[in-house]
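# Fold and geometry: a report
What follows is each chain in one-letter form.
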Amino acid sequence: MPAPSPTDDLRFFQETVSHLSGSLELADSMVSVFNHLADHFPLEGISLHQYSQGLNALKLLFLVREGRFDYVESLVDLTPREGALMLHFEQAGDVILERKISRGGGAAKHAQALGHLLPVKPRAYLVGILTSGNETVGHLCFIGKEEDCFTEEHERKIRLLLTPFALAMSNMLRFQRVLAFQERLNEEKRGLERALEQLRDNRIVGGLGGLGGVMDEVRRLEGREVPVLILGETGTGKELIADEVQRISPRRDAPFVKVNCGAIPEGLMDGELFGYEKGAFTGATRSRPGFFEQAHGGTLFLDEVGELPPQVQVRLLRVLQNGVVERLGGKESISVDVRIIAATHRNLEAMMKQGAFREDLYYRLFVFPVTVPPLRERKQDLEALAYHFIEKIRRRLNLPQSPSLAPRAVDALMQYAWPGNVRELENLVERAMTLWPGGPLLLDRLLPREPELYQNARENLSDLERLVEEKVAACFEKQMPGTQSREARSIPSVRPLQTLDEATRQCIEAALSHCRGKVHGPAGAAAVLGINPSTLRNKMVKLQIRADTWRS
Ligand SMILES: Nc1ncnc2c1ncn2[C@@H]1O[C@H](COP(=O)(O)OP(=O)(O)OP(=O)(O)O)[C@@H](O)[C@H]1O
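Residues numbered from 1 in each chain as written. Predicted model: local features only at pLDDT ≥ 70, side-chain atom pairs only at ≥ 80, totals over all residues. Heavy atoms only, no water.

### What about the site of the ligand?
What counts is decided by this rule: One heavy atom within 4 Å of a molecule or strand is enough for the residue carrying it to be called near that molecule or strand. We call two N or O atoms a polar contact when they sit within 3.5 Å, provided that within protein one can donate a hydrogen and the other can accept it, with sequence-adjacent residues counted only if both atoms are side-chain atoms. Areas reported as accessible are Shrake-Rupley estimates using a 1.4 Å probe. Residue values count occlusion only from the protein chains shown. Numbering of helices and strands runs from the N terminus, with a helix taken as a DSSP run of H or I at least four residues long and a strand as a DSSP run of E at least two residues long.
In the vicinity of the ligand there are 21 residues, among which Val205, Thr234, Lys238, Arg423 and Glu426 approach most closely. Between the ligand and the protein, one listed contact pairs an oxygen atom with a backbone N or O atom of glycine 237 at 3.1 Å. At 3.4 Å from an oxygen atom of the ligand is found a side-chain nitrogen or oxygen belonging to glutamate 304. Coverage of the ligand by the protein chains reaches 90% of its 630 Å² of free accessible surface. Going through the elements one at a time, helix H7 (238–247), helix H13 (382–397) and helix H15 (421–435) are the ones with two or more residues in the shell around the ligand.

### Some words on the pairing of strand E5 (residues 125–132)
What counts is decided by this rule: Summary of the burial criterion: residues with accessible area below 20% of their type's maximum are buried, those above 50% are exposed, and those between are partly exposed, where the area comes from a 1.4 Å probe applied to protein chains only. Two strands form a pair only when DSSP identifies at least two bridges running between them.
Most of E5 sits inside the fold, with six of its eight residues counted as buried. Pairing of strand E4 (residues 95–98) with E5, which is carried by four bridges, proceeds in the antiparallel orientation. Along E5, the bridge assignment pairs valine 95 with glycine 128. Bridge count for E5 against strand E6 (residues 135–144) is eight bridges, and the pairing is antiparallel. Across the sheet, threonine 131 pairs through a bridge with threonine 136, a residue of E6. In this structure, the hairpin formed by E5 and E6 is closed by a connection of two residues, where glycine 133 is found at a positive phi of approximately 65°.

### Considering the environment of aspartate 77
Note the threshold: Contacts between residues were defined by any pair of non-hydrogen atoms, one from each residue, lying within 4.5 Å.
Tracing the sequence through the fold places aspartate 77 in strand E3 (residues 68–77). Judged by relative accessible area, which is 61%, aspartate 77 ranks as exposed. In the structure, aspartate 77 is positioned 20 residues away from alanine 57 in sequence and 4.4 Å away in space, judged by C-alpha atoms. Here aspartate 77 is in contact with Asn56, Ala57, Glu82 and Lys109, once residues within four sequence places are set aside.

### Description of the nonpolar core
What counts is decided by this rule: Put simply, a nonpolar core is a bunch of buried Ala, Val, Leu, Ile, Met, Phe, Trp, Tyr and Cys residues held in one set by side-chain atoms that sit within 4.5 Å of each other.
Counting 34 residues, the largest nonpolar core has Leu37, Phe142, Phe165 and Met169 as the members making the most contacts within it. Those elements giving two or more residues to this core turn out to be helix H1 (6–20), helix H2 (26–37), strand E1 (43–52), strand E2 (57–65), E4, E5, E6 and helix H5 (152–201). Element by element, the count of residues in this core is highest for H5, at nine residues. With sequence-adjacent residues up to four places away left out, methionine 169 is seen in contact with Leu20, Leu26, Met30, Leu48, Phe62, Leu130 and Val137.

### Digging into H2
Helical periodicity: at 3.6 residues per turn, an α-helix aligns residues three or four positions apart in one direction. For clarity, the threshold we go by: Expected span of a helix: the number of residues minus one, times 1.5 Å. Within this analysis, the arc is defined by the directions that extend from the helix axis to the C-beta atoms.
In a regular helix each residue adds 1.5 Å, so 12 residues correspond to 16 Å; H2 covers 16 Å between its end C-alpha atoms and thus fits that length. Of all the residues in H2, the buried ones are Leu26, Ser29, Met30, Val33, Phe34, His36 and Leu37. Down the axis of H2, the smallest arc covering the buried residues is 165°, so these residues share one side.

This is the structure in structure tokens:
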């Protein structure tokens, strides 16, 4: 074969450089370079490695093969002798031609690093040390198809390419690092936004309404560290209450670790709760502290505690009694100081009777119980909750304005039994806002149709009537103290008696004046009176009360 002329070399050099710089995407330009070089070398692949003196390890960065690019960061540990050999190559800064891989040879470790990507077989290697200024950029490996496939001519040709490869690789690696850094920053930003969003949205709606009793209980926990057990149907807001207990606890600045016991597979539960040592089981490639250790000094929230399998209940009880954990595969006892807040939608007492929940554990957890009532028992909060979710979802969906609720939708919400509680309402509002982002939200159309999920309309109506009457009675009590007590009712009043309509009018007008003429919505008269806005409107029409009289 005639020796290549300087013109051939120049063309080869220019073509390679143009493939190398063809794209900012490392993968694209490397695939393109590979295809071009495969016409000049008997190539199986090209890889880039870096030697880390600190770790005394050889790091694989990427491998490119025909039509395929793998960006894989993996490490191969080196012996001190192998490390010294790598340093020696780097200092020589040239090309090593190995006609076949030999144990202890220069490219043996490069081949080992690629073992999981390329079938190990006898083949030749050309390793070029890439340098830029005084820095070593990496080891560029041309991987041959077989033994002895590279010649001195190949060695000469790869030498021509060392400088452009060094420049391109150094720039691309820097670019990759910037991208990775940017990605990390974006991820951090998303995390912070989520945390901020949660802080904004963690407001408890109904704290002065249907959750008034619960919040009174919770306030008694301020500054205390007793174990708390939060009970209530699914989706009633138990986790939100747990957050509130934590917020007012002396441990509020310490770790607050939340564990959903129902979401961890039974086989992993011990390891997750109590931690494990490296090698404790297949796949335990390193030691890991469990949730108890992570919560040391702070609080552990055991959500869905009723889902714990019996054996885990035994170990949990032991940790609570002794204040120490032992990691799986570990020999040491590790002291832990953890406050427990637990929650469940299950009837633990019934489970205890059936033998499914340990009695001793139950009494350890049942120190300060808080029961969150189902939504159907606090319908006065429904409209305010719906508006709270509208606002929360509007922010998440980035909508310019909050859509309104269709008035007839509120009636339907009041009659529905809400088996999924507040979470069901939140999901319903989200679906409605996806369907009608500009409003009005026809929530009634999205409610299930099964009649057994609705309270009898008549019963409901009389409930509302009863509520109005209660409000009226409260009004009387305020204006004429004592007239509402059982005894007082039998004593003739000194004040002239009002008809029910007159008393209702007074009550409605007082509420409207308080709310400056606002009828519905979170700060509206209907919410203050605890009745459905359309019921209030009907009464206003009947009594000829106009809301705008109170608007300033
Ligand atoms: N009173 C409330 N005010 C505002 N948002 C609430 C209220 N109650 C519940 N939510 C919201 O409803 C959703 C469900 O509440 P949460 O997860 O606390 O219920 P849970 O009882 O813990 O449910 P589960 O039993 O399924 O674990 C959450 O998005 C929560 O923020």
